Amino acid sequence: MTKQSDDQHFLGIDVGTGSARAGVFDRSGKLLASDNAPIALWREPGDIVEHSSEDIWRAVCRSVRGAVAQAGIAPDCIAGIGFDATCSLVVLGEGGAPLPVGPSGDPARNVIVWMDHRAADQARRINQTGETVLDYVGGTISPEMETPKLLWLAENMPDTFSRAWQFMDLTDFLTWRATGSLSRSICTVTCKWTYLGHENRWDDQFFRRVGLGVLADEQFRRIGTEIVPGGTRLAAGLTAEAAADLGLATGTPVAAGLIDAHAGGVGTVGARGTAGTVLTRMAYVFGTSACTMTTTLDPSFVPGVWGPYFSAMVPGLWLNEGGQSAAGAAIEHLLQMHPHSAQATQAARQKQQTLADWLASETESRGGDGMIPQLVGEVHVVPEFLGNRAPFADPEARALIAGLDMRSDLESLLALYLAGLCGLGCGARQIVRAQQDKGIAVDTIVVSGGAAKSRLVRQVLADMTGLTVAASASPEAVLLGSAMLGSVASGDHDNLGEAMEAMSVLGDISRPQAALADWADRRFRAFEALQKVGRAIRSAS
Ligand SMILES: Nc1ncnc2c1ncn2[C@@H]1O[C@H](COP(=O)(O)OP(=O)(O)O)[C@@H](O)[C@H]1O
Ligand SMILES: O=C(CO)[C@H](O)[C@H](O)COP(=O)(O)O
């Protein structure tokens, strides 16, 4: 194994729903510089949401060049690169050319985004088969996963389906684009493609039963035949073409990647610090969506919580993944609906803040988290605009709001914002409970993602779940998780466990406030009552 010198650095690349980001880290995990670039997203009726893989690659290149320039290091000081991305489906034709995936027919739009629910009916039909692989996705496959999306393509765009050379998770597309390797990460295919990671195989019978037998007939060559752990060094590193695009050195080691939420998990669950251990920490990755990750020694079957997935995040251990499809996106949507939103957005812009961050600072100036019961009043929000991912695995669930009055001022916007945050915290509490009921111990939540940068957000999560919430000491824990993959691929660490221990440390700790415990319990009961009413209304219509 080659040990690296101190002028060697690692590059983490994270493609979220809204942007691509890159961060340069030193061997201790310290962030030197980061940069980001927006990515295009198209929405259409029918729950259609699409990206372009070439646009994403260009955004990755811009952010990498920006981060490396700001870090002030020579490109050949990058000793290893890790990628993570949302679990979106990329479709490539012969020679890697993009193929259209939707009604627009535009080949540039060749990525079905994770939040695209066009395959709801396909997911329903797959679930009706009751096949054994479903036990390994929490009992219910989600339209956000790739198998229902492949079936949608086969049924609705047979030309694209038959012409496709490769179907890839976005992370695997990025590592292919960087190195030419067609290896798939065990993380992506186990979590989103029904690969049985614990048996190292695709389930032939499942694919035939659901109507995707053609993939089995081809021995799965279009969805991946070489499945490797995150951190595995791929091919001969960066190709000359990718190196030129990124402004880096040809041959730089590139690691097999992870789904973005899982990179957040890797960046936080093994961090040095006294709160919890890998087996009692639940990662909470709070971005456009919210993803929760728990790690166990043995498989735990928790209905409505995805998994158990073997080795999908921490190698050799099992993973259960919950979360909410709309989290940051739900807050944004909620705020836009309020009459004071435009005025408040202007005020936020003047302070160069997003509306959510500005409202968090307005809360601080009114006394902060201790004042939330007064500020939020009797407004309650179940922010399930895009369904309930966990623990109900109900993509058709919808948001509910109770307790609105006639006010249209800043105070009422603030109440709505805080009620939305409390609602997300109640959702997290339900996920923790569902796992605790199956014997998964959770005593600490370790957070990452854009929204978790806010201290107020972390405190609300602590109060609503009754658990200790620990931030990472790193300002960019998701990027750090990816950089750790790069460090393993470079040989600087033998494995991811070693990299987590060496490169990450916990930061700010938020503990639940005893004075708010009864209030939080009452809100949780209201949240569950509203969810129940929502279900009753839907089943009656
Ligand atoms: N203080 C805050 N309160 C609530 N939501 C926030 C706050 N700060 C950021 N967010 C939300 O976090 C999301 C951005 O997080 P990020 O991790 O960058 O997303 P992604 O990885 O999905 O692109 C946005 O939806 C944003 O509105
Ligand atoms: O399903 C996922 C993880 O399993 C998606 O990749 C994720 O929910 C989207 O991530 P983000 O909110 O960071 O954009």
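All values derive from a computational prediction rather than experimental measurement.

Here the focus is the overall build of the protein chain. Summing up its helical and strand segments, the protein chain has 19 helices and 21 strands in all. Along the first, second and third principal axes, the C-alpha atoms of the protein chain reach 60 × 55 × 45 Å. Burial statistics for the protein chain: of 541 residues in total, 62% are counted as buried. Residue pairs in contact within the protein chain that sit at least 24 positions apart in sequence constitute 71% of those at least 6 positions apart. As presented, the protein chain carries roughly 19100 Å² of accessible surface, and 51% of it is formed by carbon and sulfur atoms. If you average the places of the 44 positive and of the 59 negative side-chain charges in the protein chain, the two averages end up 3 Å apart.

Right, let's talk about the sheet that holds strand S3 (residues 31-38) for a bit. Adjacent strands of a sheet form backbone hydrogen bonds with each other and so pair up, either parallel or antiparallel. Spatially, S3-S2-S1-S6-S12 is the arrangement adopted by the five strands of the open sheet, whose pairing is mixed. Both edges of this open sheet fall to S3 and strand S12 (258-259), since each of them pairs with a single strand only. Two strands pair when backbone bridges link them, and strand S1 (residues 9-15) and strand S2 (residues 19-25) are joined in this way by six bridges, in the antiparallel orientation. Each bridged residue has a counterpart across the sheet, and for Gly 12 the counterpart in S2 is Gly 23.

Under the UniProt annotation, "domain: Carbohydrate kinase FGGY C-terminal" (unreviewed entry) lies at residues 282-489. In the segment residues 282-489, helix accounts for 42% and strand for 19%; the C-alpha atoms at its two ends are 26 Å apart.

What follows concerns the nonpolar core. Core analysis: the biggest nonpolar cluster contains 83 residues, and Leu 153, Phe 167, Trp 202, Phe 207, Leu 215 and Ile 223 have the highest contact counts within it. At eight residues, the largest contribution of residues to this core is made by helix H17 (residues 477-490). Both domains that meet at this core, namely domain 1 (9-246) and domain 2 (277-541), each give it at least three residues. The residues contacting Leu 153, other than those within four sequence positions of it, are Leu 89, Val 91, Val 101, Ile 112, Pro 158, Thr 160, Phe 161 and Phe 167. Grouped together as the second largest cluster of nonpolar side chains are 60 residues, Tyr 284, Val 302, Ile 331 and Ala 471 included.

Further remarks concern the site of ligand 1. Around ligand 1 sit 17 residues, and of these Arg 21, Thr 288, Glu 332, Tyr 417 and Gly 450 come closest. Arg 21 has a polar side-chain atom sitting 2.7 Å from an oxygen atom of ligand 1. Here Gly 450 contributes a backbone N or O atom positioned 2.8 Å from an oxygen atom of ligand 1. With the chains in place, 84% of the 590 Å² that ligand 1 exposes on its own is no longer accessible. Among the elements of the structure, helix H11 (328-336) and helix H13 (355-365) are those that each provide at least two residues to the shell around ligand 1.

Right, let's get into helix H16 (residues 455-465). The element H16 is largely enclosed, with a buried count of 10 among its 11 residues. When H16 is considered as a whole, its buried residues turn out to be Leu 456, Val 457, Arg 458, Gln 459, Val 460, Leu 461, Ala 462, Asp 463, Met 464 and Thr 465. The opening residue of H16 is Ser 454, an N-cap whose side-chain oxygen sits 3.3 Å from the backbone nitrogen of Leu 456. The first or second residue beyond H16 is Gly 466, which carries a positive phi of 75 degrees.

Further remarks concern the pattern of salt bridges. Across all of its chains, the model carries 29 salt bridges by this definition. With its nearest N and O atoms 2.8 Å apart, the salt bridge here joins Arg 21 to Asp 14. Note on Arg 21: relative accessible area 28%, which makes it partly exposed. The closest approach of N and O atoms between Arg 118 and Glu 50, which form a salt bridge, is 2.8 Å.

All right, on to the packing of aromatic side chains then. Applying the stated criterion across every chain yields a total of 12 aromatic pairs. With centroids separated by 5.2 Å and ring planes inclined at 65 degrees, the aromatic side chains of Phe 207 and Phe 220 adopt a geometry described as edge-to-face. Of this pair, Phe 207 sits in helix H7 (residues 204-210) while Phe 220 sits in the loop between helix H8 (213-217) and strand S11 (227-228), placing them 13 residues apart in sequence. Note on Phe 207: relative accessible area 1%, which makes it buried. Residue classification places Phe 220 among the buried residues on the basis of a relative accessible area of 8%. Taken together, the ring pairs connect Tyr 195, Trp 202, Phe 206, Phe 207 and Phe 220 into an aromatic cluster. Between Arg 222 and the ring centre of Phe 161, over which it is positioned, the NZ or CZ distance is 5.1 Å. When the ring centre of Phe 392 is taken as origin, the NZ or CZ atom of Arg 535, which lies over that ring, is 4.6 Å away.

Glancing now at the sheet that holds strand S7 (residues 89-92). Pairing within the open sheet is antiparallel, and its five strands lie in the order S4-S5-S8-S7-S9. Edge positions in the sheet fall to strand S4 (42-44) and strand S9 (166-169), since each has one partner strand and no second. In terms of strand pairing, S7 meets S9 through four bridges, oriented antiparallel. Looking at S9, one finds that Leu 89 is bridged to Asp 169. The strands that helix H5 (residues 170-179) touches are S7 and S9; relative to S9, the one it contacts most, it runs at about 110 degrees.

Quick notes on the rules
- Throughout, residues of each chain are indexed from 1 in the direction in which the sequence is written.
- All chains are assigned letters beginning with A, and all ligands numbers beginning with 1, in the order in which they are written.
- Residue-level local features of this predicted model are given only where pLDDT is at least 70; pairs of side-chain atoms are given and counted only at 80 or more, and the full residue set underlies all totals for whole chains, interfaces and linings.
- Side-chain numbers come from the whole structure's heavy atoms, not from hydrogens or water.
- Elements are defined by DSSP. Helices are runs of H or I of four residues or more, strands are runs of E of two residues or more, and each kind is numbered from the N terminus.
- Classification of residues uses two cut-offs on accessible area relative to the type maximum, computed with a 1.4 Å probe and protein chains only: under 20% is buried, over 50% is exposed, and between them is partly exposed.
- The contact criterion used is simple: two residues touch if any of their non-hydrogen atoms lie within 4.5 Å.
- Accessible surface area values rest on a Shrake-Rupley calculation with a 1.4 Å probe, where residue burial reflects the displayed protein chains alone.
- Only four residue types enter the tally: Lys and Arg on the positive side, Asp and Glu on the negative side, with His and both chain ends excluded.
- Lysine's charge is taken at NZ, arginine's at CZ, aspartate's at CG and glutamate's at CD.
- Pairing between two strands is assigned when DSSP locates at least 2 bridges connecting them.
- UniProt positions are given in the numbering used here, feature names are shortened, and annotations may be inferred rather than shown by experiment.
- Throughout, nonpolar core names a set of buried Ala, Val, Leu, Ile, Met, Phe, Trp, Tyr and Cys residues whose side chains join them through atoms within 4.5 Å.
- Residue ranges assigned to the domains are those given by an automatic or database domain assignment.
- We call a residue near a molecule or strand as soon as one heavy atom of that residue lies within 4 Å of the molecule or strand.
- Here a polar contact is taken to be a pair of N or O atoms separated by no more than 3.5 Å, where protein atoms must pair a possible hydrogen donor with a possible acceptor and residues adjacent in sequence count only if both atoms sit in side chains.
- Here, a salt bridge means any Lys or Arg side-chain nitrogen found within 4 Å of an Asp or Glu carboxyl oxygen.
- Geometry of aromatic contacts follows a simple scheme: Phe, Tyr and Trp rings, the Trp one being its six-membered ring, pair when their centres are within 6.5 Å, and the pair is stacked under 30 degrees between planes, edge-to-face over 60, tilted otherwise.
- Two limits define a charge over a ring: the Lys NZ or Arg CZ must be within 6 Å of the ring centre, and within 35 degrees of the ring normal.
- Angular values range over 0 to 180 degrees, each being the angle between N-to-C directions of two axes fitted as lines to C-alpha atoms, with helices fitted over their stretch in contact.

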